[in-house]
Amino acid sequence: MNIKQFEYGPLSHYSYAIVSEGKMAVIDPERDPQQYYDFAKANDAKITAIIQTHPHADFVSSHLEIHNETGATIYNSKKLGADYPHQTFDDGDSITLGKITLKAINTPGHSPDSITIVATEGDKTVMFTGDTLFIGDVGRPDLRENVGNMTAKREELAEMMYETVTTKFNELPDDTIVYPAHGAGSLCGKNLSEAASSTLGDERMGNWAFKDQSKEQFMNTLLDGQPFIPSYFGFNVDINKVGADRLNPNIEKIPFIENTTATGLIVDMRNEAIFKKGHLKGSINIQAESEIDKFETWVGSIVAPNEKFTLVIDKKENKDKILNRLAKIGYEKQVLKVITLSNENLVKTDQLDLEDFKKHPENYTIVDIRNKSEINECKFFENALEHPLNELRDTASQIPTDKPVVVHCAGGYRSTAGSSILENELKNATIYDLSKAIEEFKD
């Protein structure tokens, strides 16, 4: 089979294209559709089908834009309750794509409306599992209690996932190739492998979900220790249920001003060292320097859906790139303007005297902004106050300010954001960022 796996690293997202006899299907497409158009052109194919395994929570999909551009039919479960033109695709339904047959299996668990697509050509079988079956794990069951056409409590979805894993794939051969929608680093599961694909046989042997266990044991394991839920997740489910606007017009209409200043909520994507030398009051430093960072995740965890903000960038050449990254989670409409900074109204971040901190940690209030699951595994400072970064804007007022405040995470990326939040929220406090120096305090 001619299958192309596309990866978007910052969100650990995989999407797919399948081509046969000049026809192409796209599965779980990301916000920017251009790569799918390019692949279709390179293979002299026409996009005829777009398949959504479910309304994703961690990214905005381009399914409606591709439909409007190409006329391709969108397929998804009837349980999704989609508000865009589509054809239902559930148990027993199939699509012919050249020599390939695509069949739907309803596989609830991550969401009530999840489907898995099974593609067959001759003796070859491939399954596109969405967020149902990952490599080494299964999808978390706690994202759809309050959003989507169908909602379900986490316990109900965990039970559905047990039924899915134990009954839905039994007829498929061990050599079936497994292609998931997410990999390691995604918040759609907790123990995803670094591998981008597997076989069903290997998952039956190595994935904890296929072990011989009771329903209760399965559910307890699945529900325990899931990562936090970013505030934008429900927002994205709702966008994907309706279908997103075209990407480029949304990007092009955002004002850009060089060498200026701003007030209000500001997201500054620059390198932390540059940020600390001079930034605008009210800025939150969420770095977007590389594709190994989690810029989209942390913007969508710190800034609420529909909350307006100004975006500070380092140089004009990066404007469209950063706006495209924000658009991955549907936040481009929240950007009031994009600016580069003048030298006016800039403030500096205080630098920690690391040697004094090492000698007299009791003279500081230490704030650990890691996730609760990380803190439960190990603490670097026994008396540190626990304030996960995704909650920090709401909980900052609980932090005492009678001593200088030192913020830390696990590697430095998050503490830069956290310390900048506390600079804004704790007006009269001295705030320090331990940053990468945290490495010196790990066992």
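Above this text sits the structure in question.
What counts, and where the lines are drawn
In this convention, every chain numbers its residues from 1, walking through the sequence in written order. Given that the model is predicted, a residue must reach a pLDDT of at least 70 before its local features are reported, and side-chain atom pairs must reach 80 or more before they are shown or counted; all residues, however, enter totals for whole chains, interfaces and linings. Excluded from the side-chain calculations are hydrogens and water; all other atoms, namely the structure's heavy atoms, are used. Secondary structure is summarised from DSSP: a helix means a run of H or I of at least four residues, a strand means a run of E of at least two, and numbering begins at the N terminus for each. Our radius of gyration looks at C-alpha atoms and nothing else; its globule reference is 2.2 Å times the residue count to the power 0.38. Residue exposure (1.4 Å probe, protein chains only): buried if accessible area is under 20% of the type maximum, exposed if over 50%, otherwise partly exposed. The contact criterion used is simple: two residues touch if any of their non-hydrogen atoms lie within 4.5 Å. Using a 1.4 Å probe, the Shrake-Rupley method yields the accessible areas, and only the shown protein chains count as cover for residues. Just so you know, the count uses Lys and Arg for positive and Asp and Glu for negative, and it drops His and the chain ends. Note on charges: their place is set at NZ of Lys, CZ of Arg, CG of Asp or CD of Glu. At least two bridges found by DSSP between two strands are what make those strands a pair. A fitted line through C-alpha atoms represents every axis, and for helices the fit uses only the stretch in contact; the resulting angles, taken between N-to-C directions, go from 0 to 180 degrees. For this document, the term salt bridge refers to a Lys or Arg side-chain nitrogen within 4 Å of an Asp or Glu carboxyl oxygen. Any pair of N or O atoms that falls within 3.5 Å is considered a polar contact. Within protein, one atom must be able to donate a hydrogen and the other to accept it, and sequence-neighbouring residues count only if both atoms are side-chain atoms. Defined by distance alone, a disulfide is two cysteine sulfur atoms within 2.5 Å. Throughout, nonpolar core names a set of buried Ala, Val, Leu, Ile, Met, Phe, Trp, Tyr and Cys residues whose side chains join them through atoms within 4.5 Å. To count toward a patch, a residue needs a relative accessible area over 30% and no salt bridge; like charges are then connected within 9 Å, while nonpolar side chains (Val, Leu, Ile, Met, Phe, Trp, Tyr) are connected within 5 Å. Each angle receives one of four descriptions, namely roughly parallel if under 35 degrees, roughly antiparallel if over 145, roughly perpendicular if within 65 to 115, and oblique otherwise. In this scheme, a crossing is called left-handed if the near helix is turned counterclockwise away from the far one by less than a right angle; it is called right-handed if the turn is clockwise. The nonpolar class holds Ala, Val, Leu, Ile, Met, Phe, Trp, Tyr, Cys and Pro. Asp, Glu, Lys and Arg form the charged class, and all remaining residues, Gly among them, are polar.

Student: Talk me through the overall build of the protein chain; I want residue IDs and the actual numbers.
Tutor: Helix and strand content of the protein chain: 14 helices and 23 strands. Its C-alpha atoms give the protein chain a radius of gyration of 23 Å, near enough to 22 Å, the size a compact globule of 443 residues would have. Counting all 443 residues of the protein chain, 58% fall into the buried class. Here the contacts in the protein chain between residues at least 6 apart in sequence split such that 70% fall between residues at least 24 apart. In the structure as shown, the protein chain presents an accessible area of about 18,600 Å², 44% of it carried by carbon and sulfur atoms. A gap of 4 Å separates the mean positions of the 48 positive and 69 negative side-chain charges of the protein chain.

Student: So what about helix 10 (residues 319-327)? Which residues, and what values?
Tutor: With seven of nine residues buried, helix 10 lies mostly within the body of the structure. Within helix 10 the residues assigned to the buried category are Lys319, Ile322, Leu323, Asn324, Arg325, Leu326 and Ala327.

Student: Can you explain the sheet that holds strand 5 (residues 73-76)? Please cite residues and give values.
Tutor: Two strands in a sheet stick together by hydrogen bonds in their backbones, pointing the same way (parallel) or opposite ways (antiparallel). With respect to topology, six strands assemble into an open sheet ordered 1-2-3-4-5-6, the strand pairing being mixed. Across the chains shown, the open sheet's two edge strands, defined by having one partner strand only, are strand 1 (2-8) and strand 6 (87-88). Pairing of strand 2 (residues 13-20) with strand 3 (residues 23-27), which is carried by five bridges, proceeds in the antiparallel orientation. Counterpart to Ala17 in the pairing with strand 3 is Val26. Packing of helix 2 (residues 63-70) onto the sheet brings it into contact with strand 4 (46-51) and strand 5, and relative to strand 4 it is tilted by some 150°.

Student: Can you explain the pattern of salt bridges? Please cite residues and give values.
Tutor: According to the stated counting rule, one finds 26 salt bridges in the structure shown. A salt bridge links Lys241 to Asp83, with the shortest nitrogen-to-oxygen separation between them at 2.8 Å. One end of the pair, Lys241, is in helix 6 (residues 233-242); the other, Asp83, is in the loop between strand 5 and strand 6, with 158 residues separating them in the sequence. For Lys358, the salt bridge goes to Glu440, with nearest N and O atoms at 2.4 Å.

Student: Break down the environment of Thr416 for me, citing the residues and quoting the values.
Tutor: Tracing the sequence through the fold places Thr416 in helix 14 (residues 413-425). Between the C-alpha atom of Thr416 and that of Ile284, which follows or precedes it by 132 residues, the distance is 8.5 Å. Those residues within four positions of Thr416 in sequence are excluded, and the remaining contacts are Glu272, Lys276, Asn285, Gln287, Asp433 and Ser435. For Thr416, the side chain forms a polar contact with the side chain of Asp433, separated by 3.3 Å.

Student: Provide a residue-level description of the pairing of strand 2, including the pertinent values.
Tutor: Of all eight residues in strand 2, eight are buried, a share of seventy percent or more. Taking every second residue as pointing to the same face, both faces of strand 2 are buried, with His13, Ser15, Ala17 and Val19 on one and Tyr14, Tyr16, Ile18 and Ser20 on the other. In the sheet, strand 1 pairs with strand 2 via seven bridges, with the strands oriented antiparallel. The residue of strand 2 that forms the bridge with Glu7 is Tyr14. Where strand 1 folds back on strand 2, the antiparallel hairpin that results is connected by four residues, among which Ser12 adopts a positive phi of roughly 50°. Connecting strand 2 to the next strand, strand 3, in antiparallel fashion are two residues, including Glu21 with a positive phi near 50°.

Student: How would you summarise the state of the cysteines if you had to cite specific residues and measurements?
Tutor: Summed over all chains, the structure comprises zero disulfides. Considering cysteine sulfurs only, Cys409 is the nearest to Cys378, which forms no disulfide, with 12 Å between them. Among the residues examined, Cys378 registers a relative accessible area of 36% and is labelled partly exposed.

Student: Tell me about the nonpolar core, and please be specific about residues and values.
Tutor: Of all hydrophobic cores here, the largest spans 55 residues; its most connected members are Ile286, Phe295, Phe309, Leu311, Leu326, Tyr331 and Leu422. For this core, the elements supplying multiple residues, two or more each, are helix 6, helix 7 (247-252), helix 9 (295-302), strand 17 (309-312), helix 10, strand 18 (335-341), strand 22 (405-408) and helix 14. Residues contacting Ile286, with those up to four places away along its chain left out, are Val267, Asp268, Met269, Phe295, Trp298, Val299, Ile302, Tyr413 and Ala417. Residues Met127, Leu133, Ile135 and Trp208 belong to the second largest nonpolar core, which totals 21 residues.

Student: Just give me the short version of a negative patch on the surface, but keep the residues and values in it.
Tutor: Where like charges cluster on the molecular surface, the negative patch consists of Glu258, Glu289, Asp314 and Glu317. Its place among the elements puts Glu317 in the loop between strand 17 and helix 10.

Student: Explain the packing of helix 9 against helix 10 to me, and be specific about the residues and the numbers.
Tutor: Where helix 9 meets helix 10, the closest approach of the two axes is 9 Å, and the angle between their N-to-C directions is 60°. It follows from the interaxial angle that helix 9 and helix 10 lie oblique. Once helix 9 is placed against helix 10, the crossing between them reads as right-handed. Taking contact as the criterion, the partners of Phe295, Glu296 and Val299 in helix 9 are, on helix 10, Ile322, Arg325 and Leu326. When grouped by side-chain class, the residues that make up the contact of helix 9 with helix 10 number four nonpolar, no polar and two charged.

By themselves, these observations are geometric and do not establish any function.
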